[in-house]
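The lines below spell out each chain.
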Amino acid sequence: MKIISERIRTLNESATLAMARKSRELTAQGKDVINLSLGEPDFNTPDFIKEAAIEALKENYTKYTPVNGYLDLREAISQKFKRDNNLHYTPDQIVVSTGAKQSIANVVLSLINPGDEVIIPTPFWVSYQQIVELAGGSCKFIKTNLENNFKITPQQLSQSISSKSKLIMFSSPCNPTGSVYSEDELNALAEVVAAHHQLMVLSDEIYEYINFTGKHYSIARHPKIYNRVITVNGVSKGFAMTGWRIGYMGASKEIAEACTKTQGQFTSGTCSIAQKAAKAAILANPEITTPMRQAFQKRRDLIVTLLKEIPGVKCNVPEGAFYVFPEINSYFGKSYNGKTINTAEDLSMYLLTESLVAVVTGEAFGDNNCIRLSYATSEELIIKAVDRIKNALQKLT
Ligand code: PMP
Ligand code: GLU
């Protein structure tokens, strides 16, 4: 009898975290690795947020918290949904979790029965597929490509829906492509969802504040489907708070209660101190996120320009998040030192060992022709990294 369960043996390690781990290992060996693998802002958490955490400690917020989060934090999130998204979620429709990742896992575990289908546009964020499969669901992927800016059409969505479809999940701004759906595009997709009463939507809006189009729109605004949308968000990206582990969701009361029950058996309420810090972040004027967004946009422009100078590399212009997802399949079939590059995974490993640049293979995001680079790092390192990539690619014959 095998020690490890079938469920976990078939689960893939998160490719983003795996590459970050490999990069750290090489750095510990004294290698000068540039890590473009992990999607995490290189900024520090703003001081006023840290002060709120210190205050919480001093006031002895050190005990177990309510499973769905402190009421004052859920009230703050309720105000934020109204202020930024024009969405009405009362505090009992909100569940605070240990990161948006846990919010997503709670939703999927609470909604999906074995055999249910979850529609996922590709490329998708690495954990979606694994979480759905862990719940016994099956993924139905909708293919997109660089030519259509990695966005699905209402027709594609309509064609992918079957009697087993229960949920569609996607991120906008998207990790890994940076694509952003406009209000019109989301409303058109919402109309398709509206016609299928069993279908729900998980809208992952974790990159809301890193949106270069100037407008973020939530699909839950569409009145016909408001009750069937779960809006997931968090403080990791917009406020540079990845290590604090706070995410949240707004949904119908029924779904929120189910997610609270799920969370109550896994982790209980999330960290008391981090919740108080998150409240300060969420109640602040969102304009405090502007300097970070502007820095990301400048880096986006830089990395896209540099990548487009490399022969055979194609790339869209991301409208949000902090990733580029260039197509690199023109290098497949080429070799170096007797080793042939056949896949995006081979190319990522080649870039790591030959040029000491850590990127993530597109395969983990459901697209075999691309690699993902996170540009949440300094302009100096971006220039150095792309230069190294260019040199390594030139060596392939
Ligand atoms: N969704 C997407 C699209 C992401 O890129 C991430 C990565 N952090 C998450 C959810 C999870 O974020 P966290 O758990 O840090 O809130
Ligand atoms: N979401 C980030 C990424 O895609 C962090 C890693 C993770 O949570 O998997 O790189």
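Summarised in this report is the structure supplied together with it.

### Thoughts on the sheet that holds strand β4 (residues 138-142)
Read across the open sheet, the seven strands follow the order β2-β8-β7-β6-β5-β3-β4; overall the sheet is mixed. The open sheet has two edge strands, β2 (94-97) and β4, and neither has a second partner. Each strand axis lies, on average, 20 degrees off the axis of its neighbour in the sheet, ignoring direction. Taken together, the three bridges between strand β3 (residues 117-121) and strand β5 (residues 165-171) define a ladder with parallel strand orientation. By the bridge assignment for β5, I119 is matched with I168. Its contacts with the sheet place helix α9 (residues 253-266) against β2, β6 (200-204), β7 (229-234) and β8 (247-250), and it is angled at close to 25 degrees to β2.

### With respect to the site of ligand 2
Near ligand 2, the surroundings consist of S14, T16, L17, L38, G39, K101, W125, N175, K237, Y323 and R372. The separation between a nitrogen atom of ligand 2 and a polar side-chain atom of K237 is 3.3 Å. When the free accessible area of ligand 2 is taken as 280 Å², the share hidden by the protein chains comes to 88%. In terms of residue class, the shell around ligand 2 is made up of four nonpolar, four polar and three charged.

### Looking at the packing of helix α2 (residues 15-28) against helix α12 (residues 344-355)
Packing of α2 against α12 brings their axes to within 11 Å, and their N-to-C directions diverge by 20 degrees. Considering their axes alone, α2 and α12 lie roughly parallel with respect to each other. Crossing of α2 against α12: the hand is right-handed. Residues M19, K22 and L26 of α2 form the contact with α12, whose own contacting residues are S348, M349 and L352. Classifying every residue of the contact of α2 with α12 by side-chain character gives four nonpolar, one polar and one charged.

Conventions adopted
- Residues numbered from 1 in each chain as written.
- Chains lettered and ligands numbered in written order.
- Predicted model: local features only at pLDDT ≥ 70, side-chain atom pairs only at ≥ 80, totals over all residues.
- Heavy atoms only, no water.
- Pairing = 2+ DSSP bridges.
- Helix = DSSP H or I, 4+ residues; strand = E, 2+ residues; numbered from the N terminus.
- Axes fitted to C-alpha atoms, helices over the stretch in contact; angles between N-to-C directions.
- Contact = heavy atoms within 4.5 Å.
- Near = heavy atom within 4 Å.
- Polar contact = N/O pair within 3.5 Å; in protein donor to acceptor, adjacent residues only side chain to side chain.
- Areas by Shrake-Rupley, 256 points an atom, 1.4 Å probe, with all protein chains shown as cover.
- Nonpolar A, V, L, I, M, F, W, Y, C, P; charged D, E, K, R; others polar.
- Parallel < 35°, antiparallel > 145°, perpendicular 65-115°, else oblique.
- Left-handed = near helix turned anticlockwise from the far one by under 90°.

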